[in-house]
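# Results of the structural survey
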Amino acid sequence: MSLQIIKNTKIVLFGALSILLFSLAGSRANEDSYIKTGTQDNFDSQNPQNFFSIGARFVIRYIKSSYRNDPFRTFLEACLVFFIIWYVSRQKYRMNQTEVELSEKEVDELISEWKPEPLVRALTSVEQTILTNTPIINSPNTIIAELSTGTTAINFTSFDFLGIMNSEGAKAKAVQTLRNYGVGPCGPPGFFGTLDVHIELETTIAQFLKAEAAILYSQGMAVCVSVIPCFSKRGDIIVADEKVNFMLQQGIKLSRSKVYWYKHNDMEDLDRVLALANQNSSKKKGSIPRKFIISEGLFQYTGNIIKLNKVMELKNKHKFRLILDDSLAIGVLGSRGAGSTDHFNISAKSIDLLIGSLWGVFGGAGGFCCASKELIGHQRLSGLGYVFSAAMPAIMAITASDSIKRLEIDYILLLSALRKNISTLRNLLNEIDGVEILGDDFSPVIHVELKNEHYFKMIKSSNTGINTSDEISRNQMVEILCGITNEMQNSGVLVVQDIYIVDQEHNVPKPSIRILLSGGHSIEHLEKLSQELKKAIKV
Amino acid sequence: MLENPVSETFLLESFIDSPALNSKLEVEAALKQLPAVSAKSLHLSQTAFKQFNISTEKNYKNAPIATLNPSKPLKAETESLLKCATAVLPEEKKQVSELEQVPIQTLISTYFSFMILLIFAHVRDLLGKFFYPDQYKSLKEQDGYAPLISDFESLWNRRLYTRISDVFNRPITGVAGGHVNLLERTSKDNNRTFQLTGKKTNVLNLASYNYLGFAQSQGYCADQVEKMILEHGISTCTSRLHGGHTSLLSQTEQLVANFVGTEDAIIISMGYSTNSSVLPLLVQKGCLLISDELNHSSLVAGSRLSGATIAVFKHNNPEDLEQVLRKSISQGQPRTHRPWKKILVVVEGLYSMEGELCNLRGIIALKQKYKFNLYVDEAHSIGAVGKRGRGICDLLNIDPKQVDILMGTFTKSFGAVGGYIAGNKSLISMLRLMAHTSVYAESMPIPVLEQVASSLRLIMDDVPECKGEGLARINQLADNSAYFMGKLKQMGFLVLGSKGSPVVPLLLFNPGKIPAFSHECTKRNMAVVVVSYPATPIISGRVRFCLSASHTREDLNLALKHIDEIGDLLQLKLLKK
Ligand SMILES: Cc1ncc(COP(=O)(O)O)c(C=O)c1O
């Protein structure tokens, strides 16, 4: 409705302008009496041609006489006319220039003939399998989880890398927070949704990462989707790693900037693409566009770690800025666990926009972005997920804040436990035949891919009669992995395969089993995992 | 081109505008007013003609716009107006809007104020850049880097928003219930930075979306949440398909489906991403998404991500929607003219900035003929409207199954956060597997989930020890909303919104009055939300009151008394007789 007001006020202003113009015109026309007498009787709307020729005569005479009397006024009037023409034509602008003229009857026919596709397609059998095999947990999501089937299992699916979540202490604190703050803050941060605990959490994050300032977003998914379009707009340039996670891809898509992809973690290719992007943009006239490199710190899809020192060098060389999604690295990498900047001993302040999550390793909800004060201030007004969504519940903010504080104190213990587990498990898994273990030696995200030969072997041994001659489809792989994870779940190890929305991913990875390792796992847990994996893949 | 400033169409539009005239009495009252309005419109068009310096009698025929047609005798015109109005009124429950009565000088002065503000902003920027280039460095190209925040974009923020930024992002502590603790803050550098003074004031809360008053730290819901935290922990630390699916989630989803009245439902941990990540799954390239022009930012984000062609129809106007539909179906896709794969119409149940209920009946009436799918975002209406609190369908007596996708959030009426999608089984199974949030984002935290479940059980009257509490809340809210809006209207304020809406926006117009209103309210211990551009059109800055079931009549009377004073102080009673 308010838009109506604005439209109507536009009309009012516009009307006022035209009245002004035409009263001027009218008064002038009155002076030129011969025009009046010459035209009055001929004004006949039935005959448009006549009408127009008279109109043209009227206009020409009018301009001539007015120019004689007062050239400046003519100029003003001409400006007004142009303004009006511009205004009207602007409103009439339509995307559809190739419109076809149709009669009402034809329109009705077309409408009754039109058959839409169904809203959603039916799930394929593989998709159905994945859905029905989704594990359902019936207890806190800790190292040992109780499944809805009634069995318990060692849990390798939680991003709780430090193994500190859902502890008794955290629960007690959560209850206390509940009694002080309730659950939801009932409003977006701008409208009385900012709690004191949010401000404290933002300070805690900035201090922990040694960044200038931080802003909270209430869901992990919303961070990238808000931050990237907030700074990178149409006409700007993004150079992104081809294996960045889906949230970053969505942010990039929403920004409508020009995207160039470089080979995963390949610095030579990055150098090449940056040069190419610069070259292409320098061809265009006008001011230089904003240019960003987008990458992850610890890649969710591969478990690799960014070569940050090299990226920084290239970024400075080609005058790009860096948007770094350090969601998985923070709390894991670095001497203090402050992420990839800590790992490479680079100041977090030198990363233009640093994105992190609070829902994983810190066990809260949402995520954050660290940047200079000015950029954070800008996000508070233009970060869509910040402005237009409810603030984070106090319970989640306090839980996250406490985890960060715990890491600040206990980092030596927590990180060494995690690292020991990572190297133990990687060693164990590397001994297994037929699989490929992805990821960096520091990465607690471990993707286990089956080698193609092994898929063939498994298909043969299962005797399902599938033709195994040349290639296996993605669906077959997924189904086999489903079987493997199921078997492992039944024998007490909870792992899942990494699931993607295949047709929307930019560069969808090969199906794999995703193991998320925690410092809380014991050696026995790891041994059991590798044993069960061996058993399930039948080597 | 020669459109009359206040044409009949406009006047008529305001009649057919908002869908919430409830009783027959009101319909009759509205009808009685019609002749008066039409007389006014006649008068206005005549004035306009005089301004054109053309005699009305002689030359009106040549006027190029058909609406300028005062030649019909007044009576005939009234009759035709009446016919139009009656054709729509009984069915759609239309309401007389007061918008057309906004004095023109208010609009002009608002534009004028903005002009002055902008001129000053530019001048200050110009001088600043000249005298203190250092402070403006980040706005210029430096060393081969383009500025991150463009000059023009930031002008608004630096020069206009910063001036009044003390009324936004105000920190609070504790529960955002009927009253809330506001943390006092000061600024020593003209609102660039703020410092908390450590002082707390308890103020009446007319700002939070706490419609049913479930923002509580005590009572049934809080007890249940506590129990659940102790049993099931806090967070699942992973996404739904990767081990974050809990049995509590399944149960709550079933509860939501029962409540909304659909086969199935899926819960997603954030309302914003519910929209922004589900729309891309429903429509893709080759599909058409038709959106109400005032749809929420999350819906806009989702539409853009989907890659579908986007068309917009006039706010809450099924006639315009029909035009858009006819045109797009008959023309097909742009350039190729291939038929559309499917068409999705996206509307909101209650528009939160306008307090306006969706004209759902009018839209559903088109569904059969035009075969589109309908997506209704019930973020604000679920829980808050309808006899049983079940949203717009409940209010308008529409079978929820007629709407293909019912979306809603738990942020508003349920005192939690997150969102849901409800619909038929095949839709929801697809979303469980493929909604971006199922795969890539956190699943709903346990305390939040339990808050949703327990508040739903209360509303559905499923808790023996709290029999009738949910219904009492719904009625209290309806009562409060009607009372508050009625009183404001009586005082002569320009209030937007449908009757029965728990959101009551009051137009302020002039930019100067926006912070002033907020400050005056703070002085009188009330928290209110003032909104201005970019959340609203530039001209219609407003204050938005959100009613809650936890407000008592005394609270509201006190608030009304204060608002009355402020209204006199700031000359806001534009419709005062
Ligand atoms: C219509 C509409 N949809 C979605 C949302 C987003 O919901 P949430 O705050 O839960 O993210 C809002 C919130 O303001 C809204 O008004």
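Analysis parameters
- Residues numbered from 1 in each chain as written.
- Chains lettered and ligands numbered in written order.
- Predicted model: local features only at pLDDT ≥ 70, side-chain atom pairs only at ≥ 80, totals over all residues.
- Heavy atoms only, no water.
- UniProt positions renumbered as here; feature names shortened; annotations may be inferred.
- Helix = DSSP H or I, 4+ residues; strand = E, 2+ residues; numbered from the N terminus.
- Buried < 20%, exposed > 50% of the residue type's maximum accessible area, 1.4 Å probe, protein only.
- Contact = heavy atoms within 4.5 Å.
- Pairing = 2+ DSSP bridges.
- Axes fitted to C-alpha atoms, helices over the stretch in contact; angles between N-to-C directions.
- Near = heavy atom within 4 Å.
- Polar contact = N/O pair within 3.5 Å; in protein donor to acceptor, adjacent residues only side chain to side chain.
- Areas by Shrake-Rupley, 256 points an atom, 1.4 Å probe, with all protein chains shown as cover.
- Nonpolar A, V, L, I, M, F, W, Y, C, P; charged D, E, K, R; others polar.
- Salt bridge = Lys/Arg side-chain N within 4 Å of Asp/Glu carboxyl O.
- pLDDT = per-residue confidence, 0-100.

As annotated in an unreviewed UniProt entry, chain B carries the name serine C-palmitoyltransferase and is attributed to Smittium simulii. Per its UniProt entry, chain B bears the Sequence similarities (unreviewed entry) comment "Belongs to the class-II pyridoxal-phosphate-dependent aminotransferase family." What UniProt records for chain B under Catalytic activity (unreviewed entry) is the sentence "L-serine + hexadecanoyl-CoA + H(+) = 3-oxosphinganine + CO2 + CoA".

Named according to an unreviewed UniProt entry, chain A is serine C-palmitoyltransferase originating from Smittium simulii. In its Cofactor (unreviewed entry) section, UniProt records this for chain A: "pyridoxal 5'-phosphate". In its Sequence similarities (unreviewed entry) section, the UniProt record describing chain A reads: "Belongs to the class-II pyridoxal-phosphate-dependent aminotransferase family."

### Observations regarding the overall build of chain B
A tally of helices and strands in chain B yields 19 helices and 17 strands. Counting the 577 residues in chain B, one finds 63% classified as buried. A fraction of 71% describes how many contacts in chain B between residues 6 or more apart in sequence connect residues 24 or more apart.

### Details of the sheet that holds strand β16 (residues 529-531) of chain B
Residues and elements named next belong to chain B. Strand order in this open sheet of three strands is β14-β17-β16, and the pairing throughout is antiparallel. At either margin of the open sheet sits one strand with a lone partner, and together these are β14 (503-509) and β16. Looking at each pair of strands side by side, their axes are set apart by 25 degrees on average, direction ignored. Where β16 meets strand β17 (residues 541-546), three bridges bridge the pair, whose relative direction is antiparallel. Within β17, the position partnered with V531 by the bridge is R542. Running at roughly 25 degrees to β14, helix α17 (residues 469-491) makes contact with β14 and β17 of the sheet.

### Things to note about the site of the ligand
Close to the ligand lie 16 residues, the nearest being A:S389, B:Y272, B:D377, B:T411 and B:K412. At the ligand, the nearby residues belong to more than one chain, namely chains A and B. Take A:A390: an N or O atom from its main chain is 2.8 Å from an oxygen atom of the ligand. Here the ligand, which alone exposes 390 Å², has 97% of that area covered by the protein. Counting residues per element, the shell around the ligand draws most heavily on helix α9 (residues 271-282) of chain B, at three residues. Residues belonging to the shell around the ligand are distributed by class as follows: five nonpolar, eight polar and three charged.

### A look at the pattern of salt bridges
Close approach of charged atoms allows side chains with opposite charge to pair. All names here are of chain B. Enumeration according to the criterion identifies 36 salt bridges over all chains in this entry. Among the ionic pairs, E520 bridges to K523, the shortest N-O distance being 3.1 Å. Here E520 pairs with K523, and both are found in helix α18 (residues 513-523), just three residues apart, close to one helical turn.

### Some details on the confidence of the model for chain A
For chain A, the mean per-residue pLDDT works out to 84, and 85% of the residues sit at or above 70. Considering only residues more than four positions removed or in separate chains, one finds that residues 1-7 of chain A, a stretch of pLDDT under 50, has 27 contacts.

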